[in-house]
Amino acid sequence: MEDCIFCKIRKGEIPSQKVYEDDAMMIIKDIDPKAKNHFLCIPKNHFKLLSEMTEEDAAQLARCFKTIPALEKELGLEGGYRLIVNQGDNAGQSVFHLHIHILSGQKMGWTPA
Ligand code: 5GP
Ligand code: ZN
């Protein structure tokens, strides 16, 4: 947890471009965007995998899924968007604090590679 980039961003120890924050989550711009529009929705609780979620973690994650569509206009998601949660090695998870990628701003293909 101490070495976690997203916990450090939450505490303001690492700068980020924050576009939304409340008691359950923050939404920031991805530092290395994989689509024209790429945000990360990060629950405030630190947990790595869906399989490790507590009930409280699950409630925060539910809040994230409820809040993202409420921000469609603000985040420029009106044309459609894709949510991705990378889990573990095969998915290439690189930050071990669960987060939801929000990709938009362009048409997207459908290949796992
Ligand atoms: P993952 O590979 O774990 O699903 O996604 C981690 C994401 O976090 C990557 O898209 C990466 O670009 C992003 N990221 C890594 N470090 C930072 C950072 O310091 N600031 C921001 N804004 N994004 C980061
Ligand atoms: Zn963390």
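Turning our attention to the site of ligand 1. Taken together, 17 residues lie near ligand 1, and Asp30, Lys34, Asn86, Ser94 and His101 sit nearest. Asp30 is positioned such that a nitrogen or oxygen atom in its side chain is 2.5 Å from an oxygen atom of ligand 1. Separating an oxygen atom of ligand 1 from a side-chain N or O atom of His99 is a distance of 2.9 Å. Alone, ligand 1 offers 520 Å² of accessible surface; in the complex the protein occludes 87% of this. Secondary structure elements with two or more residues in the shell around ligand 1: α1 (5-10) and β2 (25-29). Residue contributions to the shell around ligand 1 peak at 3 residues, all from α1. A per-class count over the shell around ligand 1 returns 7 nonpolar, 6 polar and 4 charged.

The rules behind each value
Residues numbered from 1 in each chain as written. Chains lettered and ligands numbered in written order. Predicted model: local features only at pLDDT ≥ 70, side-chain atom pairs only at ≥ 80, totals over all residues. Heavy atoms only, no water. Near = heavy atom within 4 Å. Polar contact = N/O pair within 3.5 Å; in protein donor to acceptor, adjacent residues only side chain to side chain. Areas by Shrake-Rupley, 256 points an atom, 1.4 Å probe, with all protein chains shown as cover. Helix = DSSP H or I, 4+ residues; strand = E, 2+ residues; numbered from the N terminus. Nonpolar A, V, L, I, M, F, W, Y, C, P; charged D, E, K, R; others polar.

Any functional reading would require information beyond the geometric quantities listed.
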